[in-house]
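What the coordinates show
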Amino acid sequence: MARIDPHSYFDDSQSRTRSWRLKLHVDFSRKVLHGTATLCFESAAGGFLDLDTKALTIIGVVTEAGAAVPFELGPEEPILGRRLRLRVPAGAKEVAISYETSPEAAGLQWLSPEQTEGKKHPFLFSQCQAIHARSVLPCQDCAVARVTYEAEVTVPAALTAVMSAGPAGEAAAESGRRIFKFRMPQPIPSYLFALAVGELEGRDLSPRSRVWAEPATIAAAAQEFGETEGMIQCAEALFGPYDWERFDMLVLPPSFPYGGMENPRMTFLTPTLLAGDRSLVSVVAHELAHSWTGNLVTNATAEHFWLNEGFTVWAERRILKALHGPEAAALAWGIGQKDLEEALERFKDKPELTLLRTHLEGVDPDDAFSGVPYEKGARFVVALERAAGEERFDLFVKSYMKRFRFQSITTEQFCAFVEESLPGLLAKVDAPAWLNGPGLPQAAPRFVSRNLEAISALALGWNEGRRPDAGLIARWTATEILIYLQRLPREMSLSDCAELDGALRLSKRGNHEILAQWLYIAAGSGYEPAFDRARLLLLKVGRMKYVRPLYQALGQTAPGRKLAREVFAAAAPTYHALTRRAAQSVMEKYPS
Ligand code: BES
Ligand code: ZN
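Here is a short report on the structure shown in this document. Small disclaimer: the values here were computed from a predicted structure and weren't measured. (Residues numbered from 1 in each chain as written. Chains lettered and ligands numbered in written order. Predicted model: local features only at pLDDT ≥ 70, side-chain atom pairs only at ≥ 80, totals over all residues. Heavy atoms only, no water.)

1. Thoughts on the nonpolar core
In summary, soluble globular proteins display a tendency toward joint burial of nonpolar side chains. In terms of nonpolar packing, the biggest core is built from 139 residues, with L86, F225, F268, W314, F380, Y400 and F414 touching the most fellow members. Of the residues forming this core, the biggest block, 9 residues, is contributed by helix 7 (residues 372-388). In contact with F225, not counting residues within four places along its chain, are L205, V211, M249, V251, L269, L273, L274, V281 and V284. Judged by nonpolar contacts, the second largest core, of 54 residues, contains I335, I481, L485 and M587. (Core = buried A, V, L, I, M, F, W, Y, C linked by side-chain atoms within 4.5 Å. Buried < 20%, exposed > 50% of the residue type's maximum accessible area, 1.4 Å probe, protein only. Helix = DSSP H or I, 4+ residues; strand = E, 2+ residues; numbered from the N terminus. Contact = heavy atoms within 4.5 Å.)

2. Observations regarding the sheet that holds strand 15 (residues 201-206)
Taken in spatial order, the 5 strands of this open sheet run 15-16-17-19-18, and their pairing is mixed. Strands with a single pairing partner mark the edges of an open sheet, and in this sheet they are strand 15 and strand 18 (260-261). Looking at chain direction, strand 15 and strand 16 (residues 209-213) are connected through 5 bridges and run antiparallel. If you follow S206 over to strand 16, its bridge partner there is S209. (Pairing = 2+ DSSP bridges.)

3. Section: the sheet that holds strand 5 (residues 71-73)
If you walk across this open sheet you meet the 3 strands as 3-6-5, and the pairing is antiparallel. Two strands bound the open sheet, and with one partner strand each, they are strand 3 (47-53) and strand 5. Along the sheet, successive strands turn relative to each other by an average axial angle of 20°, direction set aside. Of the strand pairs in this sheet, strand 5 and strand 6 (residues 82-88) are connected by 3 bridges, and their pairing is antiparallel. Of the residues in strand 6, the one forming a bridge with E72 is R85. (Axes fitted to C-alpha atoms, helices over the stretch in contact; angles between N-to-C directions.)

4. As for the site of ligand 1
By nearness alone, 17 residues border ligand 1, and Q129, G259, E262, E287 and Y374 come closest of all. In the model, a nitrogen atom of ligand 1 is placed 2.6 Å from a nitrogen or oxygen of the E262 side chain. Within the complex, the protein chains bury 89% of what would otherwise be the 520 Å² of accessible surface of ligand 1. Looking at which element gives the most residues to the shell around ligand 1, the answer is helix 3 (residues 282-289), with 3 residues. A breakdown of the residues in the shell around ligand 1 according to their chemical character gives 7 nonpolar, 6 polar and 4 charged. (Near = heavy atom within 4 Å. Polar contact = N/O pair within 3.5 Å; in protein donor to acceptor, adjacent residues only side chain to side chain. Areas by Shrake-Rupley, 256 points an atom, 1.4 Å probe, with all protein chains shown as cover. Nonpolar A, V, L, I, M, F, W, Y, C, P; charged D, E, K, R; others polar.)

5. A short note on the side chain of T358
Mapped onto the secondary structure, T358 falls in the loop between helix 5 (326-346) and helix 6 (365-368). Non-local contacts of T358, meaning those with residues more than four positions away in its chain, are made with A302, E303 and E352.

6. Things to note about the environment of P215
As for its placement among the helices and strands, P215 is situated in the loop between strand 16 and helix 1 (218-224). Distance from P215 to R509, taken between C-alpha atoms, is 24 Å for residues 294 residues apart in sequence. Discounting residues that sit within four places of it in the chain, P215 has contacts with E199 and E201.

7. What to know about unusual backbone geometry
Between Q129 and A130 the backbone carries a cis peptide bond, its omega angle lying at 5°. By secondary structure assignment, the location of A130 is in the loop between strand 9 (123-126) and strand 10 (147-156). Even without glycine at this site, R265 takes up a positive phi of about 70°. Its location among the elements puts R265 in the loop between strand 18 and strand 19 (266-269).

8. Focus: the coordination of the zinc ion (ligand 2)
Every protein donor of the zinc ion (ligand 2) is accounted for by H286 (NE2), H290 (NE2), E309 (OE) and E309 (OE), and the metal-donor separations fall at 2.0 to 2.8 Å. If you look at the zinc ion (ligand 2), its 6 donor atoms make angles of 52 to 160° with each other, and the shape they trace is irregular. Under the relative-accessibility criterion, H286 is labelled buried at 8%. Residue H290 is classed as buried on the basis of its relative accessible area of 0%. (Donors = N, O, S within 2.8 Å, 3.2 Å for Na, K, Ca; no water. Tetrahedral: all angles 85-135°; square planar, octahedral: opposite > 155°, others 65-115°.)

9. Digging into the pairing of strand 17 (residues 248-251)
Consecutive residues of a regular strand have side chains that alternate between opposite faces of the sheet. Here strand 17 shows no split at all, with D248 and L250 on one side and M249 and V251 on the other all buried. Relative to strand 17, strand 16 runs parallel, the two sharing 2 bridges. When the sheet's bridge partners are listed, W212 is paired in strand 17 with L250. Both strand 17 and strand 19 contribute to a ladder of 4 bridges, which runs parallel. Within strand 19, the residue paired with D248 across the bridge is M266.

This is how it looks when you write it as structure tokens:
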């Protein structure tokens, strides 16, 4: 018996599922999925098979011959959920599990029509990373156990279903329903399983890329993401051929808890990216880059999450550098530097969560989530890149992709491959300090940009009365404004708040990164003229990146706490479970 993942009952000495065949009914009135998940084995199976489940009702299990398969659901474990142990008869090629999800499934959010742009139809979306696939279907919920899948999804006739898969036509359905068929021929880890159902419209961006959104949003989405094909070509030049055939995207309703999620063939995106000026498309570059770093070569478990995110942030900035030049890339590194400092500050009492190679037995991966694997991880990759030289490192990255294509690996496997390909490189950069030590190593790479220094100096001089002049402000791009705001004091006088808001017209910004940065300052300073805008954001937007720090900043003053409690009471029922938990954990630390 060998369990290899602290977050899964997956046992690599048991039969391995190679593919899934799903028949799912989407029931909006009861907020459940119900149907069958058929798990097909690599070779004829037999013996115990341990699966992950969370909040699932298991109705029955049979083999392809119709023989009942005895099963036992273990006790509920707080992070893992319940182990589903099947006793598979010898020689079985597949087991069909009839089951139903719970309305509280952590991996699904069921939206009322009021929570959509169109206000007419309900919406459903999944978010399986890190370990929520088990609340959507019973499975070996560990990234090492890759599967291909086929699915038939029955939905109300007015709605469209999309998945992290290719469309495979429609099947005949009873009246008032539609059955969408899908096929995912490339093997994926369970966390990349994805489904969304809503009133959706698609718009082609290029022969291999399409964006989906609600009808009210589709034109803006097609305009915002018009550069996608150029990004794909740029990424192929850097990292090798795109292996997933299509790169489609779905713009979700605003409660989506992340900026983006790299579901293969169907990246999920927050509508807060629709700034109108393409200034936030680096998130698309990031999710696209995961097609190589993450989806082709995948972290074996959440303890190696930096392999996914650190490499992808590095890759995202290589794409940015190729498309928009080194200066643009340096500014992105500058924004990341600040994110990293904030993450290290947030975990100052939990330094063990600032290692790249983490140890997460008993820790919920959602609680370990921070900017550390992203920004420290990306800096480690740059340290390797600089020590090897860009040309040699680019060749290394391509051979790394080839070697571990469609595999899920550990930090230790990564290091062994580096040592084999570029002997001595790990020692040269003191890899153990990066991987097994807390915080950021002294010798971490720096990114120099005169522009970045100048904007930082201006912001750091705020309390001494330094101000950008109107001409400079007018020339600033969205990224430059963001850098400036990130570096201003988190608390300032009410008159300074008014001056800042007036000079930069902050309360009226459609760019959510800028708007959020402003609201952190305004909330932290108790600047009540901005409270209405903060309320609006917290009522509508569920993206945790904004929601957590905004509740945090509101906690600094008594009027802020009053607003936070009032807004949370109204918004909590509409938040995604993850967002609700994040907001709650911040508010629990408010002084009473
Ligand atoms: N895969 C992540 C999102 C994620 C990570 C979801 C862990 C659940 C658990 C995605 O690729 C991501 O990193 N999104 C970022 C955007 C990015 C530009 C840093 C986000 O959501 O902000
Ligand atoms: Zn990512």
